[in-house]
Amino acid sequence: MLLRRAIAHIVATRINGTNVVERISSNVRMFSNVTTSELKNDSNLDKPEFPGSKSQFTTELKFLDPTTYDTIPTFRVLDKSGQHVSESYADQLDLNLALRFYKEMIKLNQMDAILYEAQRQGRISFYMTSYGEEATHFGPAAALKDDDLVFGQYREPGVLMWRGFTIEQFVNQCFGNIFDTGKGRQMPIHYGSRELNYMTIKSTLTSQMLHAVGSAYAFRMKGKDQVTLCYFGDGAASEGDAHAAFNFASVLNCPVIFLCRNNGYAISTPVHEQYQGDGIAARGPALGIPTIRVDGNDVFACYFAVQEARKICMMEGRPVLIEAMTYRIGHHSTSDDSSAYRSVDEIRTYGEKEHPRNRIELLLRRNNMFDEQEHKKYKEDIRKEIINVVFQQEKHNKPAIKELFTDVYDQMSRIQEEQFQELNEHLKTYRKHYPKNFKDF
Ligand SMILES: Cc1ncc(C[n+]2csc(CCOP(=O)(O)OP(=O)(O)O)c2C)c(N)n1
Ligand SMILES: [Mg+2]
């Protein structure tokens, strides 16, 4: 076979010129002292030699049957009762970190409860809760460095909270008031912060994955000690762009951690209608990506997995895929009523038995670190604080409507001028149907 290749190369030489000649002459030297009988008997030489092939020949006509393989296991550190299940991590559990995880979960849950109600009362137009998925926010957030870049999908506000985004900033964005850095042009929950290295949410599913790979590629090119963490949902993984993102990241050796929040649903579509096979994790090895599946309700499993993933990204210059198994306890959003497609029992089971906050609470209790009164007070205080912030921030004006047009390009385009005039005319007639607290122009 090598002889044949050499002859082909010699032919190619005549066609392609000198560079090829050099390569061929080294090939010929390589096997010039091997006899023809040795070539026939050497089974090593009888491996497939297709470009990029890492395979072996076989004479067995056999299709790979995915049902005969073991599924990818789910890494966890703590069981449902907050007991250690992993000896190797028993002495690495930082209980002060656990305490912070617990408090941040309480804070996020309270913010969700109040802003969800604010939507129901018509104060804001839309909201999404994160109930049940808190561990997939705080564990990874704690494992990253502050200047690692995070691309969220939309249901990951805990990462921003961990990094110091204030309740006031969350509320300003949801109310789209003059202090919202996005100037009220995005729907609620589309947070972003340049200072906190958190890319602004754009809920066109999976668009964030390609952008995340691009940013990680830039880090690699500049030799930065930074990685990108990219969240995506089980539903987003069905978009073609997810495959493109995995493959580009793998082939271009990008330091990006893909973190799938597999919460069982994409709005009303359950995962069993979303994919066959062994979930999202199974896609990683196929594309040459180091992969792990973790218990996404175990905040320490998420923490250690991202810590390790970060090392792989930096030391080996490769992407990593993490599939965090969890459950979306709330409705998809305020536009959804999940009782139409799942049972109350199902929600109760996950809500009560699997909740990541319960697990941390049990761990703290077992270590005499849980002060019932202190946590009750913290919960009440934070609730009052969030309500006050809502009352304060909702009084502020909306940004000037003209900024819809002026703050897009350096100068308004002709089309924008036309649309601006059109809106002007519209408001002359219908102004009374719009909120009072925005400056017209
Ligand atoms: C390209 C695109 N298609 C459809 C939608 C509508 N949509 C918004 S969220 C969603 C479900 C996404 O599910 P998943 O990725 O599992 O995230 P989860 O909501 O469960 O956190 C869909 C279909 C969208 N935003 N973008
Ligand atoms: Mg989902």
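Residues numbered from 1 in each chain as written. Chains lettered and ligands numbered in written order. Predicted model: local features only at pLDDT ≥ 70, side-chain atom pairs only at ≥ 80, totals over all residues.

This part is about the overall build of the protein. Of regular secondary structure, the protein possesses 18 helices and nine strands. A burial count over the protein gives 34% of its 441 residues as buried. In the protein, the proportion of contacts linking residues at least 24 apart, taken out of those at least 6 apart, comes to 74%. (Helix = DSSP H or I, 4+ residues; strand = E, 2+ residues; numbered from the N terminus. Buried ≥ 20, exposed ≤ 12 C-beta atoms within 10 Å, placed from the backbone. Contact = placed C-beta atoms within 7 Å.)

Bringing the site of ligand 1 into the picture now. Around ligand 1 there are 15 residues in total, and Leu205, Gly233, Gly235, Ala236 and Ala266 lie nearest to it. By residue class, the composition of the shell around ligand 1 is five nonpolar, six polar and four charged. (Near = placed C-beta within 6 Å. Nonpolar A, V, L, I, M, F, W, Y, C, P; charged D, E, K, R; others polar.)

Let's shift gears to the sheet that holds strand β9 (residues 320-325). Read from one edge of the open sheet, seven strands run β1-β8-β9-β5-β4-β2-β3, paired in parallel fashion. The open sheet has two edge strands, β1 (74-75) and β3 (198-199), and neither has a second partner. Bridge count between strand β5 (residues 256-262) and β9: six bridges; the pairing is parallel. Paired with Arg261 across the strands is Ala324, a residue of β9. (Pairing = 2+ DSSP bridges.)

When pLDDT is low, close inspection of the predicted coordinates is not appropriate. For the protein, the average pLDDT comes to 89, and 89% of its residues sit at 70 or higher. Highest mean pLDDT in the protein belongs to β5 (99); lowest belongs to helix α2 (residues 18-31) (36). Below pLDDT 50 for its whole length, residues 1-42 participates in 17 contacts with residues either more than four positions away or in separate chains. (pLDDT = per-residue confidence, 0-100.)

The next point concerns the pairing of β9. Where burial is concerned, most of β9 is hidden: six out of the six residues are buried. Pairing geometry for strand β8 (residues 291-295) and β9, over five bridges, is parallel. Of the residues in β9, the one forming a bridge with Val294 is Ala324. Since β8 and β9 lie parallel, the crossover through helix α13 (residues 299-316) that links them has a hand, and here it is right-handed. (Right-handed = clockwise from strand over helix to strand, strands pointing away.)

Contact geometry for helix α9 (residues 207-222) and helix α10 (residues 240-251): axes closest at 8 Å, N-to-C directions at 15°. For the element pair α9 / α10, the angle class is roughly parallel. Seen along the crossing, α9 lies across α10 with a hand that is left-handed. The segment α9 lies against α10, with Ser207, Met209, Leu210, Val213 and Ala216 engaging Asp241, Ala242, Ala244, Ala245, Phe248 and Ala249. A breakdown of the residues in the contact of α9 with α10 according to their chemical character gives nine nonpolar, one polar and one charged. (Axes fitted to C-alpha atoms, helices over the stretch in contact; angles between N-to-C directions. Parallel < 35°, antiparallel > 145°, perpendicular 65-115°, else oblique. Left-handed = near helix turned anticlockwise from the far one by under 90°.)

We now examine helix α16 (residues 372-393). Given 3.6 residues per helical turn, the α-helix brings residues three or four places apart onto the same face. With 22 residues, α16 ought to run about 32 Å at 1.5 Å a step, and its terminal C-alpha atoms sit 32 Å apart, in line with that. For α16, the full list of buried residues reads Ile386, Val390 and Gln393. All buried residues of α16 lie within an arc of 85° about the axis, which places them on one face of the element. With respect to the buried face of α16, the exposed residues turned more than 90 degrees away are Gln373, Glu374, Lys376, Lys377, Glu380, Asp381, Lys384, Asn388, Phe391 and Gln392. (Expected span 1.5 Å × (residues − 1). Arc of directions from axis to C-beta.)

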